[in-house]
Amino acid sequence: MSPDPIDQPQFYENVPTKRFFAWVLDMVLIVLLCLVIIPFTAFTGLFFFPFLMLVVGFAYRVISISRMSATPGMWLMAIELRDSDDRPFDLPKAFFHTLGYSISMALPILQLVSIVLMCTTERRQGLSDLALGTVAMNRRAQG
């Protein structure tokens, strides 16, 4: 079970703000990756850049979350994703979390609901987190 927000609130302090800044950092990295890829598409990638961003972003998130239980942006902001048993994400959990994120980004009302939930729930969970029983929290100190 993930840390209790009443007994250990430090795990959830500032998580929504950190998630926002992590998202900004990740988007910058995804754009840079796409810009590196474009010449390898003989510049045709410019014509389908939003789709390229979607595919690269999806792969970026699934790979990084399944390896580190965080994206590089989350890692820099010292937050991590955990499942309902307080374990780091594996590949299937990373895939489904990223799928939920992608769906909510495609439907702005879902993204708005997710943001409101992150700001109001005890564990600062977004829509995908609630659906999967996962949580984003401040990373534990490595000892």
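Rules and cut-offs
Residues numbered from 1 in each chain as written. Predicted model: local features only at pLDDT ≥ 70, side-chain atom pairs only at ≥ 80, totals over all residues. Heavy atoms only, no water. Phe/Tyr/Trp six-rings, centres within 6.5 Å; stacked < 30°, edge-to-face > 60°. Helix = DSSP H or I, 4+ residues; strand = E, 2+ residues; numbered from the N terminus. Buried < 20%, exposed > 50% of the residue type's maximum accessible area, 1.4 Å probe, protein only. Salt bridge = Lys/Arg side-chain N within 4 Å of Asp/Glu carboxyl O. Axes fitted to C-alpha atoms, helices over the stretch in contact; angles between N-to-C directions. Contact = heavy atoms within 4.5 Å. Nonpolar A, V, L, I, M, F, W, Y, C, P; charged D, E, K, R; others polar. Lys, Arg positive; Asp, Glu negative; His and termini not counted. Polar contact = N/O pair within 3.5 Å; in protein donor to acceptor, adjacent residues only side chain to side chain. Expected span 1.5 Å × (residues − 1). Arc of directions from axis to C-beta.

Colleague: I'm lost on the packing of aromatic side chains in this one. Help?
Modeller: Each aromatic ring pair is summarised here by two numbers: the centre-to-centre distance and the angle between the ring planes. Applying the stated criterion to the full structure yields three aromatic pairs. On the numbers, 5.5 Å between centres and 75 degrees between planes, the contact of Phe58 with Phe95 is edge-to-face. Within this pair, whereas Phe58 is found in helix α2 (residues 49-68), its partner Phe95 is found in helix α4 (residues 91-106), the two being separated by 37 residues in sequence. In this structure Phe95 comes out as partly exposed when scored by relative accessible area, which is 35%. What links up through ring pairs into an aromatic cluster is the set Phe58, Phe95 and Phe96.

Colleague: What is the right way to look at the pattern of salt bridges in this model?
Modeller: For side chains bearing opposite charge, pairing can occur when the charged atoms are close. The final tally for this structure, using the stated rule, is seven salt bridges. A salt bridge links Arg87 to Asp83, with the shortest nitrogen-to-oxygen separation between them at 3.3 Å. Take Arg87: its relative accessible area is 48%, and that puts it in the partly exposed class. With its nearest N and O atoms 3.2 Å apart, the salt bridge here joins Arg87 to Asp85. Given the relative accessible area of 46%, Asp85 is considered partly exposed. Residues joined by salt bridges that share partners form a network here, namely Glu80, Arg82, Asp86 and Arg140.

Colleague: When you look at the packing of α4 against helix α5 (residues 108-120) in this model, what are you seeing that I'm missing?
Modeller: Two packed helices can be described by the angle between their axes and the distance between those axes. Packing of α4 against α5 leaves a shortest axis separation of 5 Å and a crossing angle of 115 degrees. Between α4 and α5, the residues in contact are Ile103, Ser104, Met105 and Ala106 and Pro108, Leu110 and Gln111, respectively. In terms of residue class, the contact of α4 with α5 is built from five nonpolar, two polar and no charged.

Colleague: How should the environment of Arg67 be read in this particular structure?
Modeller: Following the sequence through the fold, Arg67 ends up in helix α2. Accessibility expressed as a relative area gives 72% for Arg67, which makes it exposed. Sequence separation of Arg67 and Asp90 is 23 residues, and the distance between their C-alpha atoms is 7.5 Å.

Colleague: Explain the side chain of Arg123 here, please?
Modeller: Looking at where Arg123 falls in the secondary structure, it is placed in the loop between α5 and α6 (127-132). Put simply, Arg123 is tucked away with no salt bridge, and the nearest opposite charge, on Asp4, sits 4.4 Å away. Only 3.5 Å separates the side chain of Arg123 from the side chain of Tyr12, close enough to count as a polar contact. Once you skip the residues sitting within four places of it in the chain, Arg123 turns out to touch Met1, Ser2, Pro3, Asp4, Pro5, Tyr12, Val135 and Ala136.

Colleague: Quick question: what am I supposed to make of α4 here?
Modeller: What sets the pattern is the α-helix's 3.6 residues per turn: residues three or four places apart point alike. Compared with an ideal rise of 1.5 Å per residue, which puts 16 residues at 22 Å, α4 spans 22 Å between its outermost C-alpha atoms and is within 8% of the ideal. Buried within α4 we find Ala94, His97, Thr98, Tyr101, Ser102 and Ser104. On an axial view of α4, the arc spanned by its buried residues comes to 165 degrees, and they lie on one face. Looking at the packing, one finds that the buried side of α4 touches α1 (15-37), α2, β1 (79-82), α5 and α6. Sitting at the amino-terminal end of α4 is Asp90, which places a side-chain oxygen 3.0 Å from the backbone nitrogen of Lys93.

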